[in-house]
Amino acid sequence: MRTNVLMVIGAVCISALAACDESGGSVDASAPTVGSSSDLSSFEGARAGQAEMGIQSLGFELIRSEGLTSYWFNKDTGACARITTSEGRYTDVTMLPSGDC
């Protein structure tokens, strides 16, 4: 009997803790912690190889490259970014008008 009572109390406690999710259920574990679908400027200084997947997960696709400079465009938001890479890092991230992509 005592074991059953303890199991019920444990189940109630676990249920109560599970209801404490403050995120509202909208947390996307695959979303990068920097940048947005309309602004990539916070990627400046990031390691190029690691940041590229984050840029893609925000909805950007590589449009063209000119030497160490690449142009990324997000079709959904119309955002365009020019990213210059040096020594494996994004040294300059500039948001441009969509027509520049």
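Shown above is the structure to which this text applies.
First, a word on scope: everything that follows refers to the structure included in this document. (Residues numbered from 1 in each chain as written. Predicted model: local features only at pLDDT ≥ 70, side-chain atom pairs only at ≥ 80, totals over all residues. Heavy atoms only, no water.)

What follows is about the packing of aromatic side chains. Applying the stated criterion to the full structure yields 0 aromatic pairs. The ring centre of Tyr71 lies 3.9 Å from the NZ or CZ of Arg64, which sits over that ring. (Phe/Tyr/Trp six-rings, centres within 6.5 Å; stacked < 30°, edge-to-face > 60°. Lys NZ or Arg CZ within 6 Å of the ring centre and 35° of its normal.)

Bridge count for strand β2 (residues 69-74) against strand β3 (residues 79-86) is 6 bridges, and the pairing is antiparallel. Paired with Trp72 across the strands is Ala81, a residue of β3. Bridging between β3 and strand β4 (residues 89-96) involves 7 bridges; their strand directions are antiparallel. Residue pairing in the sheet places Cys80 in a bridge with Leu96 of β4. Here β3 folds back onto β4, and the loop between the two strands holds 2 residues, one of which, Glu87, carries a positive phi near 50°. (Pairing = 2+ DSSP bridges. Helix = DSSP H or I, 4+ residues; strand = E, 2+ residues; numbered from the N terminus.)

Applying the stated criterion across every chain, the model contains 2 salt bridges. Across the pair Lys75 and Glu61 runs a salt bridge, and its minimum N-O distance is 3.5 Å. Of this pair, Lys75 sits in the loop between β2 and β3 while Glu61 is found in strand β1 (residues 60-66), placing the two residues 14 residues apart along the sequence. Its relative accessible area of 60% is what places Lys75 among the exposed residues. (Salt bridge = Lys/Arg side-chain N within 4 Å of Asp/Glu carboxyl O. Buried < 20%, exposed > 50% of the residue type's maximum accessible area, 1.4 Å probe, protein only.)

So, about the sheet that holds β4. Paired through their backbone hydrogen bonds, the strands of a sheet run either parallel or antiparallel. One open sheet accounts for 4 strands, arranged β1-β2-β3-β4; its pairing is antiparallel. The open sheet has two free edges, formed respectively by β1 and β4, since each of these has just one partner strand. When the angles between neighbouring strand axes are averaged without regard to direction, this sheet yields 25°. Here β1 pairs with β2 via 6 bridges, running antiparallel. Its bridge partner being in β2, Glu61 is matched across the sheet by Phe73. Contacting β1, β2, β3 and β4, helix α2 (residues 48-57) runs over the sheet at an angle of about 30° to β4. (Axes fitted to C-alpha atoms, helices over the stretch in contact; angles between N-to-C directions. Contact = heavy atoms within 4.5 Å.)

A word on the nonpolar core. Within the largest apolar cluster, 13 residues are counted, with the highest numbers of intra-cluster contacts made by Leu40, Phe43, Ile55, Phe60, Ile83 and Tyr90. Looking at this core, the elements with two or more residues in it are α2, β3 and β4. Sequence-distant contacts of Leu40, defined by excluding residues within four places in its chain, comprise Ile55, Leu58, Phe60, Ala81, Ile83, Val93 and Met95. (Core = buried A, V, L, I, M, F, W, Y, C linked by side-chain atoms within 4.5 Å.)

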